[in-house]
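# Examination of the molecular architecture
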Amino acid sequence: MAKKKLRKLSITGFRGIRHSLIIDFTHNNHSVLIFGANARGKSSIADAFEWFFNGEVKELTKEGCTRADYRHRLL
């Protein structure tokens, strides 16, 4: 299986991320740091990665959430 490189991630309306968020990996960065106050969407970014690569968010599935629950609650 060929490796794929993620260059940019755009997240909108996913869990705690209501408005568009773009994370650009095209610069010569070796790592990305995500920080912020509580309830600002950091875990939603990690969940978006998991959903993108695996088609589900295991922790949410264990809690009985469906794909419909992945949408931001105000949308």
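Located above this text is the structure these notes cover.
I will try to describe carefully the structure that is included in this document. By convention here, each chain's residues receive numbers from 1 onward along its written sequence. Per-residue local features of the predicted model are confined to residues with pLDDT of at least 70, and side-chain atom pairs are confined, for both listing and counting, to 80 or more; whole-chain, interface and lining totals are unaffected and use all residues. Side-chain metrics in this entry use all non-hydrogen atoms of the structure; hydrogen atoms and water are not considered.

### Structural notes on the overall build of the chain
When helices and strands are counted, the chain shows 2 helices and 2 strands. Runs of E in the DSSP output that reach at least two residues are strands. Runs of H or I that reach at least four are helices, and both are numbered from the N terminus. Ordered by position in the sequence, the α and β elements of the chain form the string β-β-α-α. Summarising its shape, the C-alpha atoms of the chain cover approximately 40 × 35 × 20 Å along the three principal directions. For every residue, the accessible area (1.4 Å probe, protein chains only) is compared with the maximum for its type, and the residue is labelled buried under 20%, exposed over 50%, or partly exposed between those bounds. Scored against the burial criterion, the 75 residues of the chain give a buried share of 21%. Within the chain, contacts between residues separated by at least 24 positions form 45% of all contacts whose residues are at least 6 apart in sequence. Computed by Shrake-Rupley with a 1.4 Å probe, the accessible areas treat only the displayed protein chains as cover when residues are assessed. For the chain, the exposed surface amounts to about 6400 Å²; the carbon and sulfur share of it is 52%. Contact between two residues is taken to exist if any of their heavy atoms lie within 4.5 Å; hydrogens are not considered.

### Section: the pattern of salt bridges
Pairing is possible between side chains of opposite charge, provided their charged atoms come close. Each reported salt bridge corresponds to a side-chain nitrogen of Lys or Arg within 4 Å of a carboxyl oxygen of Asp or Glu. Taken as a whole and judged by the stated rule, the model has 2 salt bridges. Salt-bridge contacts for Asp47 lead to Arg15; the nearest nitrogen and oxygen are separated by 2.8 Å. Of the two residues, Asp47 is situated in helix H1 (residues 42–54) and Arg15 in the loop between strand E1 (8–11) and strand E2 (21–24); the sequence distance between them amounts to 32 residues. The class of Asp47 is buried, set by a relative accessible area of 12%. Residues Lys62 and Glu59 are paired through a salt bridge, measuring 3.4 Å at the closest nitrogen-oxygen approach. Of the two residues, Lys62 and Glu59 both sit in helix H2 (residues 58–62), 3 residues apart, roughly one turn of that helix. Classification of Lys62 by relative accessible area gives exposed; the value is 67%.

### Points about the environment of Thr66
Mapped onto the elements, Thr66 comes out in the segment after H2. Separated by 10 residues in sequence, Thr66 and Glu56 have C-alpha atoms that sit 8.9 Å apart.

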